[in-house]
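Below, each chain spelled out in residue letters.
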Amino acid sequence: EFTHFTLEEQEGIAIFTISRPEALNALNQAAWTDLLNFAEYLEKAEHLQVGIITGAGDKSFIAGADINTLTGMVPMDAVNPPCTDLGQALILLESCSKPVIAAINGYALGGGLEVALACDFRIVSENAALGLPEVGLGLIPGAGGTQRLSRLAGIGIAKDMILAGRTLSAQEAVTHNLAMKVVPREDLLAEAVKLAKSLAKKGPLALRLGKQAINRSLDVDLKTALYIENLTFGMLLSTDDKREGTRAFIEKRKPAFKGK
Ligand code: HXC
């Protein structure tokens, strides 16, 4: 089904792993399309609750777009598939009704960091290196990096990374708000799965609307954003999940959410 990624599913969690060892998991055109297909699948698959994206091996998460692909590209390629598949995939992951975790096992450069920035959570292994080195290629990030990085971490560090080409270590990524935590490589996937399992226990509708309330607030003024929160909060008041969650608390038991 996928050219360069493998998909593994366990208990409602989809683990999507890129493997292109010959290029440090750089994303060629087929991999851009793989990501788009995964984003569409994750949204639609009713049995899935959380997505995890990671890379095979101990050296690299994704070392960017494949530079061999970039060399042949002309201006109109930027607005046509397959080039737009990557940007579209990241828009879909960002707006996905289910949370997505990036488990960053090494280099997350260029388009690789852009994939991670479109996820809701980022966990990094000790050897991770996060950067947007496009400026060294005479380019800028082309899949959301100039926008998502500054919104997540602030324009100061975004300019340091995008204009000065600074690469962050795993610990610096945490310091600058690009990642939640650093763990040893061998614990990385287990940490991501642990987080995914804890998310899967929460009310799916609350996850979905909470994610939307946060993401959509970035595009509007505060009063409108607070109104969006108020409306989504109000919607949740009508759900079976809210009845179950509040009742379970009062009855001192674990809730069993149904996503209704
Ligand atoms: C193609 C790549 C690659 C890439 C690594 N390789 N990154 N091939 N595209 N992005 C290949 C190398 O050519 C090499 O192949 C093999 O992987 C191992 O890499 P080395 O360079 O030998 O490893 P090392 O010396 O350890 O250096 C690792 C590295 C370096 C620092 C990550 O590979 C590097 O700088 N890579 C490029 C990173 C980058 O600029 N990414 C941004 C791309 S632009 P051979 O055949 O020689 O063994 C981008 C724009 C997105 O992402 C736009 C979206 C629309």
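Residues numbered from 1 in each chain as written. Predicted model: local features only at pLDDT ≥ 70, side-chain atom pairs only at ≥ 80, totals over all residues.

Heads up, the rule is: UniProt positions are given in the numbering used here, feature names are shortened, and annotations may be inferred rather than shown by experiment.
An unreviewed UniProt entry annotates the chain as short-chain-enoyl-CoA hydratase originating from Papillibacter cinnamivorans DSM 12816. Note on the chain: under the UniProt heading Sequence similarities (unreviewed entry), the record states "Belongs to the enoyl-CoA hydratase/isomerase family." Listed under Catalytic activity (unreviewed entry) in UniProt, the entry text for the chain is "a short-chain (3S)-3-hydroxyacyl-CoA = a short-chain (2E)-enoyl-CoA + H2O".

### What to know about the site of the ligand
This is how it is decided: Proximity of a residue to a molecule or strand is defined by its backbone-placed C-beta atom lying within 6 Å of that partner. Each helix corresponds to a stretch of at least 4 residues labelled H or I by DSSP, and each strand to a stretch of at least 2 residues labelled E; elements are numbered beginning at the N terminus. Ten residues, namely Ala, Val, Leu, Ile, Met, Phe, Trp, Tyr, Cys and Pro, are considered nonpolar, four, namely Asp, Glu, Lys and Arg, are considered charged, and the remaining ones, Gly among them, are considered polar.
If you check the shell around the ligand, you find 20 residues, and the closest are Ala 26, Gly 64, Gly 110, Gly 111 and Gly 142. If you list the elements that add at least two residues to the shell around the ligand, you get α2 (67-71), α3 (83-95) and β6 (107-109). By residue class, the composition of the shell around the ligand is 13 nonpolar, 5 polar and 2 charged.

### Describing the packing of helix α9 (residues 204-217) against helix α10 (residues 222-237)
Stated precisely, the cut-off is as follows: Axis definition: a line fitted to C-alpha atoms, over the contacting stretch in the case of helices. Angles run 0 to 180 degrees between N-to-C directions. The scheme is simple: roughly parallel for angles under 35 degrees, roughly antiparallel for over 145, roughly perpendicular for 65 to 115, oblique for anything else. The contact rule is simple: place each C-beta atom from the backbone, and if two of them lie within 7 Å, those residues are in contact.
Following both chains from N to C, one finds α9 and α10 inclined at 170°, their axes separated by 9 Å at the closest point. What the angle tells us is that α9 and α10 run roughly antiparallel. From α9, Leu 205, Ala 206, Leu 209, Gln 212, Ala 213, Arg 216 and Ser 217 reach across to α10, where they touch Ala 225, Ile 228, Glu 229, Thr 232, Met 235 and Leu 236.

### Some points on the sheet that holds strand β4 (residues 60-62)
What counts, and what does not: When DSSP finds two or more bridges between two strands, those strands count as paired.
The strand order β4-β6-β8-β9 describes an open sheet built from 4 strands, whose pairing is mixed. Two strands bound the open sheet, and with one partner strand each, they are β4 and β9 (168-169). The pairing of strand β8 (residues 129-131) with β9 spans 2 bridges and is antiparallel. Bridged to Ala 129 within β9 is Ser 169.

### Considerations on the pairing of strand β5 (residues 100-104)
Our working rule: Residue burial is a threshold on neighbouring C-beta atoms within 10 Å of the residue's own C-beta, all placed from the backbone, with 20 or more meaning buried, 12 or fewer meaning exposed, and counts in between meaning partly exposed.
Where burial is concerned, most of β5 is hidden: 5 out of the 5 residues are buried. Side chains of β5 alternate between two faces, with Val 100, Ala 102 and Ile 104 and Ile 101 and Ala 103 buried alike. Here strand β3 (residues 50-55) runs beside β5; their pairing, made up of 4 bridges, is parallel. Directly across from Gly 51, in β5, lies its bridge partner Val 100.

### Side note on the nonpolar core
Cut-off, in case you're wondering: Think of a nonpolar core as buried Ala, Val, Leu, Ile, Met, Phe, Trp, Tyr and Cys residues chained together by C-beta atoms that fall within 7 Å.
With 65 residues, the main nonpolar core has Ile 52, Ile 101, Ile 104 and Ala 108 as its most contacted residues. Here this core takes 7 residues from helix α1 (residues 29-44), the largest share from any one element. The residues touching Ile 52, leaving out its near neighbours within four places in the chain, are Ile 13, Ala 14, Ile 15, Phe 16, Ile 101, Ala 103, Ala 192 and Ala 196.

### Some remarks on the sheet that holds strand β2 (residues 13-18)
Pairing within the open sheet is mixed, and its 6 strands lie in the order β1-β2-β3-β5-β7-β10. On the outer flanks of this sheet lie β1 (5-10) and β10 (181-183), each paired with one strand and no other. If you compare each strand with its neighbour and ignore which way they point, the axes differ by 20° on average. Its contacts with the sheet place helix α8 (residues 188-200) against β2, β3, β5, β7 (121-125) and β10, and it is angled at close to 170° to β3.

### Topic: unusual backbone geometry
The linkage connecting Pro 81 with the following residue, Pro 82, adopts the cis geometry, with an omega of 0°. Of note, Pro 82 is situated in the loop between α2 and α3. Positive phi, close to 60°, is recorded for Asn 25, a residue that is not glycine. Along the chain, Asn 25 turns up in the loop between β2 and α1.

### Focus: α1
What sets the pattern is the α-helix's 3.6 residues per turn: residues three or four places apart point alike. Which entries qualify depends on this criterion: By this rule the span expected of a helix is its residue count minus one, scaled by 1.5 Å.
Its 16 residues place the ends of α1 23 Å apart at the C-alpha level, agreeing with the 22 Å of an ideal helix rising 1.5 Å per residue. Among the residues making up α1, those that are buried are Ala 31, Trp 32, Thr 33, Asp 34, Leu 35, Leu 36, Phe 38, Ala 39 and Leu 42. Buried-residue contacts for α1 involve β1, β2, β3 and α3.

### Quick word on the pairing of β3
The following threshold applies: A right-handed crossover is one whose linking path, passing over the helix from the first strand to the second, runs clockwise when the strands point away from the viewer.
For β3, the buried fraction is high: 6 of the 6 residues fall into the buried class. Going residue by residue along β3, you find Val 50, Ile 52 and Thr 54 tucked away on one face and Gly 51, Ile 53 and Gly 55 tucked away on the opposite face as well. Pairing of β2 with β3 involves 6 bridges; the strand directions are parallel. Looking at the pairing, Ile 15 lines up with Ile 52 of β3. Of the crossover connections in this fold, the one passing from β2 over α1 to the parallel β3 is right-handed.

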